[in-house]
Amino acid sequence: MWRVVCLLFCIAVAAAMDLPNPDEATPTVDWADEPTFTLGLQDETELDLEDEPTPALNLEDFYGYNGMMEYLRNLSQAYCCTVTRQSLTTTYENRSVELVKISDGQGTSEKKVILLDAGTHGNEWITTTVALKIVHELVVNQDAHARLLESCDWYVLPMVNPDGYTYSLEQKLKLWQKNRSPHGGQYGTNLNRNYDTHWNLTEYAPTHSQYYPGSSAFSELETLAVGSLMRDLVETKREFLYITLHTENKSIFYPSVFDTKTGKADGLLHAIAQLASGAIFEKTRSVYVPSLAYGYDGVGGTSLDYAYEVGIPLLFAFEMPEMRAEAESKTTFITHQAMEGWEGVMHLALGALEMYSPSKSSSNTTSPPSDGSKHANSTCAPATNDAPSVDGSFGLPAATFSALLAYLALAVM
């Protein structure tokens, strides 16, 4: 009789606490040192209680395309609320131009955007590693760099030219700049001559040249996609800062590349570039010259000038050393440039935020938690009224306590 009474009591309490339907959730019990209760979850909403490991950033060698894709895939899985990936386009050789979107997860699509690209020229291998270092810092160490994500989202293109990059890296052709699209008997277009700005006006280059600008402006899938992204940011009023990574000399320059005309924003651009240059020097003792794009007169079709023309207000080409010193190992060079590149980009962004506010009022934008806490695997789902709440039943959620009662009933029968 007492078993029946106990059973009826448990059923009554469980019903009062809205015990989930057995068809929807099947509890299991594990009598270990401490009892744990796992409620079955439906469909694809199952939660993985194991933390995804944070992928390590390899600074011992240059990233290849496959290595980059694996790193980004693992990072986006470990930090699902911070990182999303999008294939901007597919190249002639069927590789993806990956766009990495980074957000603090506290706002909406109303935030301004910092757009950064790398690997536009096939032979500029270090720029992709620097871009991945920037992604790594913003995501893995996001609490330390909260200022960089509070007001802006980051859109990073670590390898704009995966075909040319792969060809140059695997064949060890350090002079190869172009992509690999065919043009008669020749291959490749220089992507930084293919944007629809002063295209092919003064610089003649045949199809075999590394400076060949393509058959027409935006003839290449890669530039067409990046140009479309820039226009979309402007049209949706999310444009703020554009940084393009290159190699050749130590400089941080701003438009115009084609004619080096001074503009009304030059003072602001120079001040921001000077701030970044000073920060790099303080950290590494390396000297980067902030200036207009002197020495490039007549070069048309560049991404920097195109971004300037479509209306992105703040924009820089950040040029790093192309080759390491003779006595410097590859690993030392890569590690040093990754740190130097991050330092420069971080202070370009901080300078832009200090000197040119991108704030955009929106009723849909929320503030970050006061304690600044974030977790790699925190759920991305919006809060609902279906979420279990602690009701004072020994500090357990209602569903868990109900399951416990049900099991006690089964145990005494």
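Residues numbered from 1 in each chain as written. Predicted model: local features only at pLDDT ≥ 70, side-chain atom pairs only at ≥ 80, totals over all residues. Heavy atoms only, no water.

### Overview of the overall build of the chain
In step 1: Across its full length, the chain carries 10 helices and 14 strands.
In step 2: Looking at the 413 residues of the chain, the share that counts as buried comes to 48%.
In step 3: Expressed as a percentage of contacts within the chain between residues at least 6 apart in sequence, the contacts between residues at least 24 apart total 76%.
In step 4: Roughly 20,200 Å² of accessible area belongs to the chain as shown, and the carbon and sulfur atoms make up 53% of that amount. (Helix = DSSP H or I, 4+ residues; strand = E, 2+ residues; numbered from the N terminus. Buried < 20%, exposed > 50% of the residue type's maximum accessible area, 1.4 Å probe, protein only. Contact = heavy atoms within 4.5 Å. Areas by Shrake-Rupley, 256 points an atom, 1.4 Å probe, with all protein chains shown as cover.)

### Quick look at a nonpolar patch on the surface
In step 1: Taken together, the side chains of Leu275, Met355 and Tyr356 make up a nonpolar region of the molecular surface, amounting to roughly 250 Å² of accessible area.
In step 2: Topologically, methionine 355 is positioned in helix 9 (residues 330–355).
In step 3: Residue methionine 355 is classed as partly exposed on the basis of its relative accessible area, which comes to 39%. (Patch = residues over 30% accessible without salt bridge, like charges linked within 9 Å, V, L, I, M, F, W, Y side chains within 5 Å. Salt bridge = Lys/Arg side-chain N within 4 Å of Asp/Glu carboxyl O.)

### Side note on the packing of aromatic side chains
In step 1: For the coordinates displayed, the defined rule picks out eight aromatic pairs.
In step 2: On the basis of an interplanar angle of 85 degrees and a centroid distance of 5.2 Å, the ring pair of phenylalanine 218 and tyrosine 306 is categorised as edge-to-face. Highlighted residues: phenylalanine 218 in the loop between strand 8 (186–187) and helix 6 (221–235) and tyrosine 306 in helix 8 (residues 303–310), separated in sequence by 88 residues.
In step 3: Look at tyrosine 306 and you get buried, because its relative accessible area is 6%.
In step 4: An aromatic cluster of three or more residues is present, and its members are Tyr195, Phe218 and Tyr306.
In step 5: Above the plane of the ring of tyrosine 65 lies arginine 95, whose end atom (NZ or CZ) is 5.9 Å from the centre.
In step 6: The ring of tyrosine 167 is capped by arginine 180, whose NZ or CZ atom sits 3.7 Å from the centre of that ring. (Phe/Tyr/Trp six-rings, centres within 6.5 Å; stacked < 30°, edge-to-face > 60°. Lys NZ or Arg CZ within 6 Å of the ring centre and 35° of its normal.)

### Regarding the nonpolar core
In step 1: Counting residues in each nonpolar core, the largest one holds 62 residues, and the members touching the most others are Trp154 and Leu245.
In step 2: The next biggest cluster of nonpolar side chains, apart from the first, holds 28 residues, and it includes Leu191, Leu229, Leu304 and Leu315. (Core = buried A, V, L, I, M, F, W, Y, C linked by side-chain atoms within 4.5 Å.)

### A closer look at the pattern of salt bridges
In step 1: Counted under the stated rule, the structure contains eight salt bridges.
In step 2: Across the pair glutamate 98 and arginine 85 runs a salt bridge, and its minimum N-O distance is 3.0 Å. Taken as a pair, glutamate 98 in strand 4 (residues 96–102) and arginine 85 in strand 3 (residues 83–90) lie far apart in primary sequence, 13 residues in all.
In step 3: Across the salt bridge formed by aspartate 104 and lysine 111, the nearest N and O atoms sit 2.8 Å from each other.
In step 4: With relative accessibility at 8%, the residue aspartate 104 sits in the buried group.

### Let's talk about the UniProt feature "active site" (unreviewed entry) in the chain
In step 1: Mapped onto this numbering, the UniProt entry gives "active site" (unreviewed entry) at Glu319.
In step 2: Here glutamate 319 shows up in strand 12 (residues 314–320).
In step 3: For glutamate 319, a relative accessible area of 5% gives the class buried.
In step 4: Excluding residues that lie within four positions of it along the chain, glutamate 319 makes contacts with His246, Thr247, Glu248, Asn249, Lys250, Ser251, Phe253, Tyr288 and Tyr296. (UniProt positions renumbered as here; feature names shortened; annotations may be inferred.)

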